[in-house]
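Each chain, written out:
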Amino acid sequence: MDATSTDLTPLTAAEFATVVTAVRASPLIPARPLTFHYVDLDEPDKADVISQVTSLPLRALVIARADGQSHELRVESVVMDGTLSATT
């Protein structure tokens with residue numbers, strides 16, 4: 001999800017770490033301990049990729065478990081001034 005990523009480029013190690021940090025900081029899952037079961041690129045819809053009308057948002061799909069419950073989150077990353085940040 002950095003400035004050189006394309007819509008279907010796998011997450012880099014730095015992007016993966018940014019996503020994990022964003023989920024840990026998110027108020028959406030306040031319970032601890034938090035266990036990550038899946039973190040990967042949330043691929044855009046095929047129609048959106050084909051149309052390429054605008055730049056597609058780069059998102060990660062996260063499945064985490066906390067307090068006996070599974071949580072599915074999508075984390076959108078943004079690069080501003082060369083700094084990668086993410087929101088849940």
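The numbering scheme is per chain: residues are counted from 1 as the chain's sequence reads. A pLDDT threshold of at least 70 governs which residues receive local features in this predicted model, and a stricter bar of 80 or more applies before side-chain atom pairs are shown or counted, although totals over entire chains, interfaces and linings include all residues. Hydrogens and water molecules were not included; the side-chain quantities draw on all heavy atoms of the structure.

Caption draft 1: Quick peek at the overall build of the protein chain. Secondary structure elements follow DSSP: runs of H or I of four or more residues count as helices, runs of E of two or more count as strands, with numbering from the N terminus. Secondary structure assignment for the protein chain yields two helices and four strands. N-terminal to C-terminal, the α/β element order of the protein chain is α-β-α-β-β-β. Accessible area is worked out with a 1.4 Å probe on protein chains only. A residue is then buried under 20% of its type maximum, exposed over 50%, and partly exposed in between. Counting the 88 residues in the protein chain, one finds 31% classified as buried. Each accessible area value is a Shrake-Rupley result obtained with a 1.4 Å probe; residue values ignore everything except the protein chains displayed when judging cover. Accessible surface, the protein chain as shown: approximately 5,700 Å² in total, 54% of it carbon and sulfur.

Caption draft 2: Examining the side chain of Asp42 more closely. Mapped onto the secondary structure, Asp42 falls in the loop between β1 (34-41) and α2 (46-51). Overall, Asp42 belongs to the buried group, its relative accessible area being 12%. Here, two residues are considered to be in contact whenever any of their heavy atoms come within 4.5 Å of each other. Those residues in contact with Asp42 that lie beyond four places of it in its chain are Arg59, Ala60, Leu61 and Arg74.

Caption draft 3: Representation of the confidence of the model for the protein chain. Overall, the predicted model of the protein chain reaches an average pLDDT of 80, with 76% of residues at or above 70. Note: pLDDT gives the predictor's confidence per residue, expressed from 0 to 100. Summarising per-element confidence for the protein chain, the mean pLDDT is lowest in strand β4 (residues 83-87) (65) and highest in β1 (94). Across residues 1-5, where pLDDT falls below 50, the model places 16 contacts with residues more than four positions away in sequence or in other chains.

Caption draft 4: Quick look at the pattern of salt bridges. Salt bridges are defined as contacts in which a side-chain nitrogen from Lys or Arg sits within 4 Å of a carboxyl oxygen from Asp or Glu. Counted according to the given criterion, the structure contains three salt bridges. Asp42 is paired through a salt bridge with Arg59; the nearest N and O atoms lie 3.3 Å apart. Highlighted residues: Asp42 in the loop between β1 and α2 and Arg59 in strand β2 (residues 58-66), separated in sequence by 17 residues. Residue classification places Arg59 among the partly exposed residues on the basis of a relative accessible area of 26%. In this structure, Arg74 and Glu72 form a salt bridge, with 3.0 Å as the shortest nitrogen-oxygen distance. The class for Arg74 is partly exposed, based on a relative accessible area of 40%.

Caption draft 5: Here's a closer look at the side chain of Ser26. Considering the arrangement of structural elements, one finds Ser26 in the loop between α1 (13-25) and β1. In the analysis that follows, any N or O atom pair within 3.5 Å is treated as a polar contact, provided that within protein one partner can donate a hydrogen and the other can accept it, and provided that, for residues neighboring in sequence, both atoms belong to side chains. Here the side chain of Ser26 touches Leu28 through a polar contact of 3.0 Å, landing on its backbone nitrogen.

Caption draft 6: Spatial organisation of α1. Multiply 1.5 Å by the residue count of a helix minus one, and that product is the helix's expected span. The end-to-end C-alpha distance of α1 is 18 Å, a good match for the 18 Å that 13 residues give at a rise of 1.5 Å each. Buried residues of α1: Glu15, Thr18, Val19, Val20, Ala22 and Val23, and no others.

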